[in-house]
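# Chains, contacts and geometry: an overview
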Amino acid sequence: MSNWGQRLKTIRTAGGFTQPQMARLLGNVTPFVVCRWESGKFPVPSHVRLLLKGIEQAATMGGDGVAHILGFLDENADTIGDDGS
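Residues numbered from 1 in each chain as written. Predicted model: local features only at pLDDT ≥ 70, side-chain atom pairs only at ≥ 80, totals over all residues. Heavy atoms only, no water.

### A few points about the side chain of Arg 12
Short version of the rule: A helix here means a DSSP run of H or I that spans at least four residues, while a strand means a run of E at least two residues long, and both kinds are numbered starting from the N terminus. Only protein chains enter the calculation, and the probe is 1.4 Å; a residue is then buried if its accessible area is under 20% of its type maximum, exposed if over 50%, and partly exposed in between. Whenever two N or O atoms come within 3.5 Å, that pair is a polar contact, provided that in protein one can donate a hydrogen and the other can accept it, and provided that, for residues adjacent in sequence, both atoms are side-chain atoms. Residues are treated as being in contact if the distance between any of their heavy atoms lies within 4.5 Å.
With respect to the helices, strands and loops of the structure, Arg 12 is situated in helix H1 (residues 3–14). By relative accessible area, which is 9% here, Arg 12 ends up buried. Of note is the side chain of Arg 12, whose polar atom sits 2.6 Å from the side chain of Glu 38. Other than its neighbours up to four places away in sequence, Arg 12 contacts Phe 17, Thr 18, Gln 19, Met 22 and Glu 38.

### Section: the nonpolar core
Worth spelling out the cut-off: By nonpolar core is meant a set of buried Ala, Val, Leu, Ile, Met, Phe, Trp, Tyr and Cys residues that side-chain atoms within 4.5 Å join together.
Counting 12 residues, the largest nonpolar core consists of Leu 8, Ile 11, Met 22, Ala 23, Leu 26, Val 33, Val 34, Trp 37, Val 44, Val 48, Leu 52 and Ile 55. The set of elements that each furnish at least two residues to this core consists of H1, helix H2 (19–25), helix H3 (31–39) and helix H4 (46–60). Ignoring any residue separated from it by four or fewer positions in sequence, one finds Leu 26 in contact with Leu 8, Trp 37, His 47, Val 48 and Leu 51.

### Observations regarding the packing of H1 against H3
Heads up, the condition is: To obtain an axis, a line is fitted to C-alpha atoms, over the contacting stretch when the element is a helix, and the angle between two such axes runs from 0 to 180 degrees between their N-to-C directions. Relative orientations are named as follows: roughly parallel for angles under 35 degrees, roughly antiparallel for angles over 145 degrees, roughly perpendicular for angles from 65 to 115 degrees, and oblique for any other angle. The classification used treats Ala, Val, Leu, Ile, Met, Phe, Trp, Tyr, Cys and Pro as nonpolar, Asp, Glu, Lys and Arg as charged, and all other residues, Gly among them, as polar.
Closest axis-to-axis distance for the H1/H3 pair is 6 Å, and the angle between their directions is 120°. Taken together, the axis directions place H1 and H3 in an arrangement best described as oblique. For the pair formed by H1 and H3, the contact residues are Gly 5, Gln 6, Leu 8, Lys 9 and Arg 12 on the first element and Val 34, Trp 37 and Glu 38 on the second. In the contact of H1 with H3, the residues fall into three nonpolar, two polar and three charged.

### Looking at the environment of Pro 43
Relative to the helices and strands, Pro 43 resides in the loop between H3 and H4. The class of Pro 43 is exposed, set by a relative accessible area of 69%. On a C-alpha basis, the gap between Pro 43 and Val 33 in space is 9.8 Å, while along the polypeptide they are 10 residues apart.

### Structural notes on the environment of Gly 40
For Gly 40, the location among the structural elements is in the loop between H3 and H4. On the basis of relative accessibility, which here comes to 37%, the residue Gly 40 falls in the partly exposed class. Each C-alpha atom of the pair Gly 40 and Gly 5 lies 5.7 Å from the other, and the pair is 35 residues apart in sequence.

### Here's the deal with H3
Rule in force here: Our arc is simply the arc of the directions from the helix axis toward the C-beta atoms.
Turning to H3, its buried residues are Val 33, Val 34, Trp 37 and Glu 38. Down the axis of H3, the sector holding all buried residues measures 135°, keeping them to one side. Each element contacted by the buried residues of H3 is listed here: H1, H2 and H4. Of the residues flanking the end of H3, it is Gly 40, one or two places downstream, whose phi is positive at about 85°.

Next up, the structure:
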């Protein structure tokens, strides 16, 4: 398992998300891709690594940063446009 794959799995499980749920939050990829990222069979793309860094940083700022950010993403996944707005 790659370092980034392990970080992804740690964040996903800390937030209480399944691989299908995480796949949706990370840009509507398939659960198969999340599984492959976590196992190190596919490299974690730079945009996902950037998101993971942000989640980790928020978690160090106190409170339940991981669940808060993942919850925000989950609540707003349908309203965020393709251009990120």
